[in-house]
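# Structural characterization, general
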Amino acid sequence: MSAADAVDGPAAARAFGAAATLLALGGIAVAILLDPTFSWTADALSDLGVRGRSAAVFNRGLILGGAAGVGYAVGLWRSVTRHGAIAAVRAGVLALAMVAMAGVGVFDLTEPLHAPAAAGFYVLVTVAFAVDGLARRGTATGRVVLAFVPVHVAVWATFVAGWWPVSGLALPELPGALMLAGWVWALGPLPVLGAVFDSVETRSGDAGTDEH
């Protein structure tokens, strides 16, 4: 069975999406619990990847979550009703974002490729939100996802401008990660929990995605 065949079908794709978010966010949560010195105001999340007690859990969670996320991206493309250009772009950008997320775990804070991987992840997920939101702007979920774009940009713009009362990156890093989880679980075209806000009419031969 090929890798593509392994993620053929909405159920398999949703399983990959669930695994990606649970592994990544779960790894971060456990790493924080393991590191009593972690500070939400002074540290970056990536500091967890270089500290003895938390490094293995943090880095492996991102690597495994990224790998599962690539599977979700492939499954997302294969599961949409029409394999058009927008579906390909959305899936491709998401896959690259997941590779970047895994790269954050592969290359820890001491490695030169860490910063490009981390920045790439946040930029690429924002682009994925923009592509998906524009494609589905006629739906309630699509409009919510499209609204993620200015919100996420504002988070980083205000942090860079010095408007946040923190010195570390952990807090501004959090919204993008939570938006991605919300997209995968409830607001995207192939949500883990199924269509939440938009009613989807299931047709014969339709893969059951929120693709409009």
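Since the model is a prediction, treat every value here as computed from it, not as a measurement.

## Description of the side chain of Glu 173
Mapped onto the elements, Glu 173 comes out in helix α7 (residues 170-187). Buried within the structure, Glu 173 lacks any salt-bridge partner; Arg 51 is the closest side chain of opposite charge, at an N-O distance of 11 Å. If near-sequence neighbours (up to four positions away) are discounted, Glu 173 is found in contact with Ala 44, Leu 45, Ser 46, Tyr 122 and Trp 156.

## Things to note about the packing of helix α4 (residues 85-106) against helix α5 (residues 114-135)
Packed helices, taken two at a time, are described by the angle their axes make and the gap between the axes. α5 packs onto α4 with a crossing angle of 155 degrees between their chain directions and a minimal axis gap of 8 Å. Taken together, the axes of α4 and α5 are roughly antiparallel relative to one another. α4 and α5 meet at a crossing whose hand is left-handed. Of α5, the residues touching α4 (which contributes Ile 86, Val 89, Arg 90, Val 93, Leu 96, Ala 97, Met 98, Ala 100, Met 101, Gly 103 and Val 104) are His 114, Ala 117, Ala 118, Gly 120, Phe 121, Leu 124, Val 125, Val 127, Ala 128, Val 131, Asp 132 and Ala 135. For the contact of α4 with α5, the residue count by class is 18 nonpolar, three polar and two charged.

## Details of the pattern of salt bridges
Summed over all chains, the structure comprises four salt bridges. Ionic pairing is found between Arg 90 and Asp 132, a salt bridge with its closest N-O pair at 2.7 Å. One end of the pair, Arg 90, is in helix α4; the other, Asp 132, is in helix α5, with 42 residues separating them in the sequence. Between Arg 136 and Asp 132 there is a salt bridge, with its nearest N and O atoms 2.7 Å apart. Residue classification places Asp 132 among the buried positions, given a relative accessible area of 0%. Each of Asp 35, Asp 43 and Arg 51 takes part in one network of salt bridges that share partners.

Thresholds, definitions, all that
Residues numbered from 1 in each chain as written. Predicted model: local features only at pLDDT ≥ 70, side-chain atom pairs only at ≥ 80, totals over all residues. Heavy atoms only, no water. Helix = DSSP H or I, 4+ residues; strand = E, 2+ residues; numbered from the N terminus. Buried < 20%, exposed > 50% of the residue type's maximum accessible area, 1.4 Å probe, protein only. Lys, Arg positive; Asp, Glu negative; His and termini not counted. Salt bridge = Lys/Arg side-chain N within 4 Å of Asp/Glu carboxyl O. Contact = heavy atoms within 4.5 Å. Axes fitted to C-alpha atoms, helices over the stretch in contact; angles between N-to-C directions. Parallel < 35°, antiparallel > 145°, perpendicular 65-115°, else oblique. Left-handed = near helix turned anticlockwise from the far one by under 90°. Nonpolar A, V, L, I, M, F, W, Y, C, P; charged D, E, K, R; others polar.

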